[in-house]
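Here's the letter readout for the chains.
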Amino acid sequence: MIFLAAGTVLAAGEKGPAPAALQFFAALKEKSGSMEEVLAASALSPFCGEKKRDQIAERLRRLGGKFRREGTTFFVAGERVDGDYAGVLVAAETAGNPLEIDVYALALRRDRGRWKAAPVIGGFENSFVGFDAAIEKRLAALEGWLSAERILRLQQLQTKAEERLRERMNKAVPRELLEKGKPGEVMEAFVKACAARDLAAVLVFLGDADVDDAEAQAGLRGVVSRGLQQSGRRGPWRLLTSPSVVRVVAGEERAGNEADVGMMFYDPVDASPVKLVRFPLHRSAGQWRVDLPDVFRRAADGKLVLRDVPWLDLDDDDEKIRKNFGRYFEKSRKPRREASVEEAGVAIEGLLRDGSLEGLFRFLFRHDDLEATERRIAYAEVAGLWSMFRDEGKGTSEAILLDTLTEGGAGLLVFSVVSSSRLDRVQLTPVLLLKDKGGWGIAPGVTSRGNFKLLPGKLREDEAAVFADYTGRRRDFEKEAASHFLKRFARAAPAGGAKASDAEVRDLVTRFRGMLRDGKVLEASDHCALLDRGDGAWEALTTLSYEYRGARHRGAPDEILGVQLDGPWAALSLRVDSGPGGEPDYPMYLVLVTGTGPRIVLDAGLRLATNKGREVLNGAILKRIEANLGDDEAGLVRRMFRKHVEKSNADRKEWLKSTRSSP
């Protein structure tokens, strides 16, 4: 048996099919947005029909997406070589869950010294292997070996995974915590293990080792592993696993070997953000164990109904606790302060980009005289600031600290905000700060004139003055923000003597489209250049926002119709799915090799016109191209576009024919 770590992947042309197999699966995981490059490097038969090719690409894309979501790692579990043909068993292990393991059977063919993977998992289907009867017999034997050995190796690996899990569990949780810790301390550690999706630690807290019945133990492990893998904006397990949720112990009650711990969860994406859930604990063999509430068990098994949700049925005492989330948080978490407004700005910018909502809550200005309503509003406004940048499932935003203002004991941070859902505009977000004896923190008003009724007179005057300073300079800040954002785009000027290559152009557009599909629009913009940094830039960014939304909801994979090359210029013709019931779109991606490498010229986004509105828009774009390029280059772009229109019309004609003739 072969065990080759994915980190040792070699070039596909080097000895043995195992490295090529690992490279194939690594490419699936990395390039889950588009399979064009993966298929091009595979042993896909040139006689494979377009419809079948699209089906294979979509199947591989879904598998690659699964690998990315689950953080899968790969290693080789078996290999068999027969001349220029081979079978490799690749084991796939899910991050954080050693019990989640699978084995994939991959067939490979050596072509001119390079091992190439068959595009269909499990055998040589749709591979270019010829039609020799003797070869077919050898391939059938390899496929039979793959099928039989896959089952055997999977059983062996699952046994080893079980052994490794037990080893991890022995070290996952300090025994002293379970034996001598208070119930609230145990719960704090339990929810941290859930947030880290640490299956071994969570099972220890739930008393997996105490379960004698093998079936019951397997059931518990199944519930926990499924729950920890659940993601999304809804569902009870989100409270335990989402990095955006803040978790605070809200008191404990103990009677002998039994305890009850209230946990509050602040979920910024929910209209009612604070949830209160009571967790029972009991002592077994001298150690505390957490009893998982039924709501989480039902949710993991997909059996949850509305009446099972405990936070919808709280008594008056529970409601009082829930409404005082801020006080419980401040009692259990130390405040964070910085010595200067500038240092606070840098720290808050970092939290918005890479930190946690809990870290932002710690920055909030505290005062015992804050009324309960004022405190709830303060936390809600900080959560709103967080959600602006980290609202899961709705794209991404970027916060850039433009400037800091100070007036006495009040400060203000000026953030430039760019959202993937509205790239055609840059907005400003001011964040107010106040100084206390510990340093600078976020004012209770956060982004508006504060709601702190008992704010001392001098601080109130300082706050009014710093906000007035910001208001007076707002137009200058807006211009600075727009200029800062446009600097991320390269200038559309050719690099001396550079030439575009077919492979580079295909790779650039494929990566760009993949980033759009993954919601990484701001990262995608780093692959772009602009001819016009004035009105044309914002028009192009409006188009990019639409393209982002379309890319995320498309059904069929993109289809490259061809690439035109001329010196540093290139044009890639693409067929893009428009979703159920819609005709495909045919954009032409104009690419230029700039001083920073190949870039998509974003404000030269020409497309096949199938209506009058698109004709008018294409005309405006061509005028912009002529205004920003010399006659020769503008003429080149026009010729490329004419060829794009010819290719696109021919493809569209065939598409319409096949669609209308299909049942």
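Here the structure is a predicted model, which means the values were calculated and not measured.

(A) A look at the nonpolar core. With 49 residues, the main nonpolar core has L412, F485, F489, F512, L572, I600 and L602 as its most contacted residues. Among the elements that line this core, the one with the most residues is helix α18 (residues 502-517), at 6 residues. Ranked by size, the runner-up nonpolar core spans 44 residues in total, among them M187, F205, L239 and L240.

(B) Here's a closer look at a positive patch on the surface. Together, R639, R642, K643 and K647 line one region of the surface with positive charge. Following the sequence through the fold, R642 ends up in helix α22 (residues 631-661).

(C) Looking closely at the pattern of salt bridges. Scanning all chains against the criterion turns up 38 salt bridges. Between D403 and R473 there is a salt bridge, with the nearest N and O atoms lying 3.4 Å from each other. With D403 in strand β9 (residues 397-407) and R473 in the loop between α16 (457-472) and α17 (474-486), the pair connects residues that are 70 residues apart, well separated along the chain. In the salt-bridge network here, residues are joined through shared partners; they are E162, R166, D208 and R221.

(D) Structural view of helix α8 (residues 214-229). Between its first and last C-alpha, α8 extends 22 Å over 16 residues, near the 22 Å set by a 1.5 Å rise per residue. Buried residues along α8 sit against α4 (133-172), α6 (183-195), α7 (199-205), α9 (236-241) and α10 (294-300).

(E) Representation of unusual backbone geometry within the structure. Of note in the backbone geometry, R112 takes a positive phi value of approximately 50° without being a glycine. Summarising the element assignment, R112 is placed in the loop between β3 (101-111) and β4 (114-117).

(F) Main features of the sheet that holds strand β6 (residues 258-266). Spatially, 4 strands are ordered β5-β6-β7-β8 in an open sheet, and the strand pairing comes out antiparallel. Every interior strand has two partners, whereas the edge strands, β5 (246-255) and β8 (287-290), have only one. Between one strand axis and the next, the sheet turns through 30° on average, direction left out of account. Bridge count between β5 and β6: 8 bridges; the pairing is antiparallel. Residue pairing in the sheet places A255 in a bridge with E258 of β6. Packed onto the sheet, α6 meets β5, β6, β7 (274-284) and β8 and runs at close to 145° relative to β5.

What counts and how
- Residues numbered from 1 in each chain as written.
- Predicted model: local features only at pLDDT ≥ 70, side-chain atom pairs only at ≥ 80, totals over all residues.
- Heavy atoms only, no water.
- Core = buried A, V, L, I, M, F, W, Y, C linked by side-chain atoms within 4.5 Å.
- Buried < 20%, exposed > 50% of the residue type's maximum accessible area, 1.4 Å probe, protein only.
- Helix = DSSP H or I, 4+ residues; strand = E, 2+ residues; numbered from the N terminus.
- Patch = residues over 30% accessible without salt bridge, like charges linked within 9 Å, V, L, I, M, F, W, Y side chains within 5 Å.
- Areas by Shrake-Rupley, 256 points an atom, 1.4 Å probe, with all protein chains shown as cover.
- Salt bridge = Lys/Arg side-chain N within 4 Å of Asp/Glu carboxyl O.
- Lys, Arg positive; Asp, Glu negative; His and termini not counted.
- Charge placed at Lys NZ, Arg CZ, Asp CG, Glu CD.
- Expected span 1.5 Å × (residues − 1).
- Contact = heavy atoms within 4.5 Å.
- Pairing = 2+ DSSP bridges.
- Axes fitted to C-alpha atoms, helices over the stretch in contact; angles between N-to-C directions.

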